[in-house]
Amino acid sequence: MILLLAAFAVVGLALVAFGARLGRRAFLVGALPMAATAAWVATRLPDVTDGTTRHESVGWVGGLGLAVDLHLDGFATTMTLIVTVVGVAVLLYASRYFAPDARDLGRLAGLLVLFAGSMVGLVLADHVIVLYACWELTSITSFLLIGNRHDQARARAAALHALLVTGAGGLALLGGLVLLGQAAGTYRLEGILAAAPSGTAVTVALVLVLVGACTKSAQYPFHAWLPGAMAAPTPVSAYLHSATMVKAGVFLVARLAPVFATQAPWRPVVLAAGCATLVFGGLRALRQHDLKLLLAFGTVSQLGLMMVLFGAGTPATTTAGWVLLIAHAAFKCTLFMVVGVIDHQSGTRDIRKLPALRDGWRPLELVALLALVSMAGIPLGAGFVAKELSYEALDEATFLGHEVVLVAAIVGSMLTVAYATRFYTGAFAGPRRRAAGEPAPLPGETHRDPSPTTELSDPTLPIEPVDPVVVVKPRAHALTNTTAEVAVVDPDPAPPAPSFVAPAAALALVGVVLGVVPGLGDKLATVSLEDFRGSVPAVHLAVWHGFGAPLLYSALTLAGGFAIWAADRRVRPRLAWASKVPSGAEVYLAALRALGIVSTRVTGFVQNGSLPVYAGVIAATAAALPVAALLAGWDWPGWPRLGPKREAPVVIVLLTAALGAALVRKRFSAAIFLGVVGYAMAGLFVLSGAPDLALTQAAVETLSTVVFVLVLRNLPERFERQSTPGRRIGRLLIAAGVAAAVFVLALTSAGVRLGNPVSEEMVDRAVPDGHGRNVVNVILVDFRGFDTAAEITVLTVASIGAVALARAGRRRRDGEPVPAANTEEVRRLVFVDVSVRVVFHAVLMLSLWLLFAGHNQPGGGFVGGLLAGSAIALRYVAGGIDEVRGRARFRPWTVLGTGLLLSSSTVAAPLLFGGAVLESAVASLDLPLVGEVDVNSALAFDVGVYLVVIGMVLMAFEAFGEEPKEVAPR
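Sequence order as written defines residue numbering, which begins from 1 separately in each chain. Local features in this predicted model are restricted to residues whose pLDDT is 70 or higher, and side-chain atom pairs enter the listing and the counts only when it is 80 or higher, whereas totals over whole chains, interfaces and linings include all residues. Water and hydrogen atoms were dropped before computing side-chain values, which therefore reflect all heavy atoms in the structure.

Peer 1: Where do I start with the overall build of the protein in this structure?
Peer 2: Elements are defined by DSSP. Helices are runs of H or I of four residues or more, strands are runs of E of two residues or more, and each kind is numbered from the N terminus. When its secondary structure is counted, the protein shows 36 helices and six strands. By the burial criterion, 49% of the 970 residues in the protein qualify as buried. Here, residues are in contact when the closest pair of their heavy atoms is within 4.5 Å. Counting only contacts in the protein whose residues sit at least 6 apart along the sequence, the fraction spanning at least 24 positions is 77%. Using the Shrake-Rupley algorithm and a 1.4 Å probe, accessible areas are obtained, with residue cover drawn only from the displayed protein chains. Here the protein has roughly 44300 Å² of accessible surface; of this, 67% comes from carbon and sulfur atoms. Relative accessibility decides the category of a residue: with a 1.4 Å probe and only protein chains considered, values under 20% of the type maximum give buried, values over 50% give exposed, and everything between is partly exposed.

Set out below in structure tokens:
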């Protein structure tokens, strides 16, 4: 399972980075890991249905109990098959949906693969932290996929809406999972379910978990992001927002309900949210003219029913939810594909504008009809089996309020029948009647609301506005990634090719097979209920359950649904009146506006733009809090023994330079004094026997001084004195207080050591565990490799941010670049050029020596990268930014990203071989002329650090290296 997840990551990232040349074939490549996973799971089906659960575990951080724990049981098998089988169908469909010359198809295919891998990891996770990590990855990839048309404001707004809602829910989920794991004493999901904890903390945890689940599965009142997500291309909507991602919350509820459903907050919260979502989502679906929006609100409604069935937490309702989970993935994904085909060929999906679809469209119409039969719960569709089971389960349930839930399920199912009929008549039957010139339109076909629907007018919802102007266009139209302000409709669209319809037809047949022979899923359904701990009899799925209350309810549902559709002209004005109630999108916008107002006022008060005030508050707080805790139980440890007298001259230089930096009036002089302070610290490290630290400190100070000079060119020459004498006295008091606090804390901490320093253990373990004699480097790339990985990630983000801010600062407010002032070209000195060329290569070779020798001698990737950065600085001194750009063979961000990718790959690579994260491997090589050489895998990690540091230096010159420009008069 670990290898399968790695395959998703590798293929997905490769397609994002290099898939542009493949065009539509990128989708076929992306289907490979999904097909491989589906095949692998299918081969394990006999073992799973026999009750065998497959486990895999890889250590992550043993001291914290973190591990990549995966398990494949019945329910995980079901969800994995849904994710992968539907994923293959969607990617095959996408390879025909997009035009051959459409842009960014490799990126889109890669993101779909990465999303699929995240979703597979989520359903296989047996550790709640792994589950949460995959949960957030699905949110991030969904954000990128919804905003795929990033040049459109509505797509960006919809993507941000989805990310804010699901991200906020993810934070709530994290808090709930942590509380639940702490209460249970384990973060293993199987352990939590085996001995479910209780108490106040668990009650809070369950509420937080349910908030996360409701935001992910678009439950009221968090539902509004899902209709807005229809900004994504139709293949994305078909995959993420009908079959997979929106079911993540349902999946989590299904996992926890067997043991937590009887605890106080669970059923009231889940059933209330699910029933409201079921009914209101169905009502909103009836108002839509856009077929894609109709399906979106239908998905919201169906998710509400699934939340009710799984959240009720009884074996019978869970069985019904299991069938509905599969049926919904088949029929809803099929219908989204059908809408995509219609939109692709005709240029519109507005049922008021659709042209008549002639005889060549009959296969697509049949596919849609099969899916609609299943969605409406008509016999011989999988949806009918699920509906019968849900009616029976809710009718026979014993929990409080099950009658109300049953009524809500019947009403919601009526609405499903009504909007399923509206879909068919609007997409197929209605346009044919209009083309035939029949005067009597079908119900709901041409009626217009007195006011436009929110979904078609709200700027946060990225569906094209319905414009009354219809423009005739040529037949050979193929809608891809473009959005027109005016609907462009082909009056006689060409029928779709069979290969375009085939993926939708395959999924529709899945619904038919499960509707006609539902017994095929008996064994898998039975083992999917294993969390009920043996209290579940074997499941027997059947089309006919005999005469009884469920059949009566089904008949009532069909009759009521067709009646609602037939009374469309009377129903729709009442639904339009309901639009006066604020919609979810309007509530979201109001919340954003309120947040903006509050944040502006708070920021205006606490962020007044004074750097001295910020520094004073932070420094005073950082000093006062530890000192307050120290005074509560302080025992003076006595004065420490003075160090060697040889350090006195260096200390005097250090203190003098520090005092000079505080007193001088020129910025450049202050930068020089700070550099002297840094070099004095490097001298102290040398005298203390720490050559690695001395090398690093000296290299850092060299580059810091260069960057200081680059930045200072754009600032005034002198510091400005704007403070009053009273404020200066206050700053002196804060500075003196911080100095005294640091001095006292340092003395106290050194005198109250309770055990042996951890450094002793690191020295002892450096060679046997880290395979290196340079303890400092072993700590950086092995013992504390997580810290180093996090630090280079921060460096990467900070470097990108610095360049972005610098470029933004070099532009006028209207977005135009600031023109350069009339400056003469600086003459290059031959002596400097020649010297730099010689020294440059010598310094660069020294940096490489420090890199490769650093594991056993002073050096390493960080100090080697800093030294290479110093060589780049020499190039800058000789010829300016053009010299640096001309000599660099790669873009700065390419070097930066390559280094981060190499280090990250080295961190995760041991997982592929059954090892722990960051586990080192050593190989002995017998090289000619050199002899036997030990090669440590940590070297690859160190090379990544080396490249990140070089990339950071290049980015610094990119941000600040250009000559200062004066703004020309406009």
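After presenting the structure, the write-up continues.
Peer 1: Looking at this model, I keep getting lost on the nonpolar core. Mind explaining?
Peer 2: The biggest cluster of nonpolar side chains holds 220 residues, and the ones touching the most others in it are Tyr 239 and Trp 266. Broken down by element, this core gets its largest block of residues, 17 residues, from helix 15 (residues 315-346). If we ignore the near neighbours within four places in the chain, the residues touching Trp 266 are Leu 206, Leu 210, Val 253, Leu 256, Ala 257, Phe 260, Ala 261 and Gly 311. Judged by nonpolar contacts, the second largest core, of six residues, contains Val 843, Leu 850, Leu 867 and Ala 871. Buried Ala, Val, Leu, Ile, Met, Phe, Trp, Tyr and Cys residues that are joined via side-chain atoms within 4.5 Å together make up what is termed a nonpolar core.

Peer 1: Mind showing me how you'd approach helix 13 (residues 266-285) here?
Peer 2: The periodicity of an α-helix, 3.6 residues per turn, causes residues three or four places apart in sequence to face the same way. For helix 13, built from 20 residues, the straight-helix expectation of 28 Å at 1.5 Å per residue is met to within 8% by its first-to-last C-alpha distance of 28 Å. Extensive coverage of helix 13 is indicated by the burial of 14 of its 20 residues. Helices are assigned an expected span. That span is 1.5 Å times one less than the residue count.

Peer 1: Looking at this structure, I do not really get a nonpolar patch on the surface. What am I missing?
Peer 2: On the surface, a nonpolar cluster with roughly 440 Å² of combined accessible area is contributed by Leu 380, Val 513, Val 516, Val 517 and Leu 520. For Leu 520, the position within the fold is in the loop between helix 20 (498-516) and helix 21 (522-527). When its relative accessible area of 61% is taken as the criterion, Leu 520 is described as exposed. Like-charged residues are merged into a patch within 9 Å and nonpolar side chains (Val, Leu, Ile, Met, Phe, Trp, Tyr) within 5 Å, provided each residue has over 30% relative accessible area and no salt bridge. Put simply, a salt bridge is a Lys or Arg side-chain nitrogen that is within 4 Å of an Asp or Glu carboxyl oxygen.

Peer 1: I'm lost on the pattern of salt bridges in this one. Help?
Peer 2: Side-chain pairs of opposite charge can arise whenever the charged atoms involved come near each other. Following the criterion strictly, the structure yields twelve salt bridges and no others. Put simply, Arg 103 and Asp 104 hold a salt bridge, and the shortest N to O gap is 3.8 Å. Here Arg 103 falls in the exposed class, since its relative accessible area comes to 54%. Overall, Asp 104 belongs to the partly exposed group, its relative accessible area being 34%. Glu 761 is the partner of Arg 765 in a salt bridge, and the nearest nitrogen-oxygen pair spans 3.1 Å. Taken as a pair, Arg 765 and Glu 761 lie in helix 30 (residues 758-770) at a separation of four residues, close to a single helical turn. Since its relative accessible area comes to 41%, Glu 761 is described here as partly exposed.

Peer 1: Help me understand empty space enclosed by the protein, please; the structure alone is not making it clear to me.
Peer 2: Using a probe with the size of a water molecule, rolled over the atoms, empty space left in the structure can be pinpointed. Cavity and pocket criteria rest on a 1 Å grid covering protein atoms alone: a 1.4 Å probe that fits but cannot get out defines a cavity, protein on both sides within 12 Å along at least 5 of 7 lines defines an open pocket, and an atom within 4 Å of a point defines a lining residue. Grid points are joined across faces, edges and corners, and a volume is the space filled by probe spheres set on the points. This model, assessed by the stated rule, comprises eleven cavities of 30 Å³ or more. Reported here for the largest cavity is a volume of approximately 150 Å³. Around the largest cavity, the lining comprises 17 residues; the ones closest to its centre are Gln 302, Leu 305, Met 375, Lys 387 and Ser 413. Secondary structure elements with two or more residues in the lining of the largest cavity: helix 14 (291-312), helix 15, helix 16 (362-376), helix 17 (382-395) and helix 18 (402-435). Residues are sorted three ways: Asp, Glu, Lys and Arg are charged, Ala, Val, Leu, Ile, Met, Phe, Trp, Tyr, Cys and Pro are nonpolar, and all the rest, Gly among them, are polar. Here the residues of the lining of the largest cavity sort into eight nonpolar, eight polar and one charged.

Peer 1: Sorry if this is basic, but what is going on with the packing of helix 28 (residues 691-712) against helix 34 (residues 861-887) here?
Peer 2: Axes are the key here: two packed helices are described by the angle between their axes and the distance separating the axes. Packing of helix 28 against helix 34 leaves a shortest axis separation of 9 Å and a crossing angle of 35 degrees. Crossing angle aside, the handedness with which helix 28 passes helix 34 is left-handed. Mapping the contact onto sequence places Leu 695, Thr 696, Ala 699, Val 700, Thr 702, Leu 703, Val 706 and Leu 710 in helix 28 and Phe 862, Val 863, Leu 866, Leu 867, Gly 869, Ser 870, Ala 873 and Tyr 876 in helix 34. Of the residues contributing to the contact of helix 28 with helix 34, the split by class is twelve nonpolar, four polar and no charged. Fitting a line to C-alpha atoms yields each axis, with helices limited to the stretch in contact; the angle taken between N-to-C directions then spans 0 to 180 degrees. What makes a crossing left-handed is the near helix being turned counterclockwise from the far one by less than a right angle; a clockwise turn instead makes it right-handed.

Peer 1: Help me understand the packing of aromatic side chains in this model?
Peer 2: Within a pair of aromatic rings, the relevant descriptors are the distance that separates the centres and the angle that separates the planes. Only Phe, Tyr and Trp rings take part, Trp by its six-membered ring, and two of them pair if their centres are within 6.5 Å. Stacked means planes under 30 degrees apart, edge-to-face means over 60, and tilted covers everything else. Per the stated rule, a full pass over the model turns up ten aromatic pairs. The interplanar angle of 85 degrees and the centroid separation of 5.9 Å between the aromatic rings of Tyr 391 and Tyr 553 together place this pair among those described as edge-to-face. Linking Tyr 391 in helix 17 with Tyr 553 in helix 22 (residues 549-566), this pair joins segments that are 162 residues apart in sequence. Taken together, the aromatic side chains of Phe 27, Tyr 93, Tyr 97, Phe 98 and Phe 500 make up a single cluster linked through ring pairs.

Peer 1: Got a minute to help me understand the packing of helix 5 (residues 105-124) against helix 12 (residues 248-260) in this structure?
Peer 2: Relative orientation of the contacting elements helix 5 and helix 12 amounts to 10 degrees, with a least axis distance of 11 Å. For the element pair helix 5 / helix 12, the angle class is roughly parallel. Contacts between helix 5 and helix 12 involve Met 119, Leu 122 and Val 123 on the former and, on the latter, Ala 248, Phe 251 and Arg 255. Looking at the contact of helix 5 with helix 12 residue by residue, the classes come out as five nonpolar, no polar and one charged. Here roughly perpendicular refers to angles of 65 to 115 degrees, roughly parallel to angles under 35, roughly antiparallel to angles over 145, and oblique to all remaining angles.

Peer 1: Can you help me understand unusual backbone geometry in this one?
Peer 2: Comment: phi is negative for the bulk of residues other than glycine, and the bulk of peptide bonds are trans. Across the junction of Tyr 220 and Pro 221, the peptide omega takes the value 5 degrees, indicating a cis bond. Relative to the elements of secondary structure, Pro 221 occurs in the loop between helix 9 (200-216) and helix 10 (225-228). One non-glycine residue, Leu 380, adopts positive backbone phi at about 80 degrees. The topology assignment puts Leu 380 in the loop between helix 16 and helix 17.

Peer 1: Is there a simple way to think about the environment of Ala 102 in this case?
Peer 2: Here Ala 102 is to be found in the loop between helix 4 (74-97) and helix 5. Looking at Ala 102, the relative accessible area reads 17%, which means it is buried. For the pair formed by Ala 102 and Gly 23, sequence separation is 79 residues and the distance between their alpha carbons is 7.7 Å.

Peer 1: How should I be thinking about helix 1 (residues 2-18) in this particular structure?
Peer 2: Over its 17 residues, helix 1 extends 24 Å from the first C-alpha to the last, a length consistent with the 24 Å expected when each residue adds 1.5 Å. Restricting attention to buried positions, one finds in helix 1 the residues Ile 2, Leu 4, Ala 6, Phe 8, Gly 12 and Leu 15.

Peer 1: Looking at this structure, I do not really get the side chain of Ser 870. What am I missing?
Peer 2: Among the secondary structure elements, Ser 870 is positioned in helix 34. Setting aside residues no more than four positions away along its own chain, Ser 870 makes contact with Thr 702 and Leu 703.

Peer 1: What's the story with the environment of Trp 893 in this structure? I'm lost.
Peer 2: Checked against the element boundaries, Trp 893 lands in helix 35 (residues 892-908). For the pair Trp 893 and Leu 954, spaced 61 residues apart in sequence, the C-alpha to C-alpha distance is 8.4 Å. Apart from residues lying up to four places away in sequence, Trp 893 is in contact with Arg 807, Met 955 and Glu 958.

Peer 1: Any chance you could explain a positive patch on the surface here in plain terms?
Peer 2: Under the counting rule used here, the positive set is Lys and Arg, the negative set is Asp and Glu, and His together with the chain ends is not counted. By convention, the point assigned to a charge is CZ for Arg, NZ for Lys, CD for Glu and CG for Asp. Side chains of Arg 665, Arg 718, Arg 727, Arg 728 and Arg 731 sit close together on the surface and give a patch of like positive charge. Looking at the secondary structure, you find Arg 727 in helix 29 (residues 725-751).

Peer 1: Help me understand the side chain of His 402 in this model?
Peer 2: Structurally, the position occupied by His 402 is in helix 18. The class for His 402 is buried, based on a relative accessible area of 13%. For His 402, the contacting residues outside a window of four places in its chain are Leu 394, Asp 395 and Ala 397.

Peer 1: Could you clarify how one ought to interpret the environment of Thr 84 in this entry?
Peer 2: Positionally, Thr 84 belongs in helix 4. Sequence separation between Thr 84 and Met 119 is 35 residues, and the spatial gap between their C-alpha atoms is 9.5 Å. Other than its neighbours up to four places away in sequence, Thr 84 contacts Met 34, Thr 37, Ala 38 and Val 120.

Peer 1: Which parts of the structure should I look at to understand the confidence of the model for the protein?
Peer 2: A low pLDDT score tells you not to read the predicted coordinates there in detail. Known as pLDDT, the predictor's confidence for each residue is given on a scale from 0 to 100. Chain-level statistics for the protein give a pLDDT mean of 81 and a share of 87% at 70 or above. Predicted confidence for residues 439-487 stays below pLDDT 50, and this span has 128 contacts to residues more than four positions away or in other chains. Contacts of residues 820-826 to residues separated by more than four positions or lying in other chains number three contacts, the stretch itself having pLDDT below 50.

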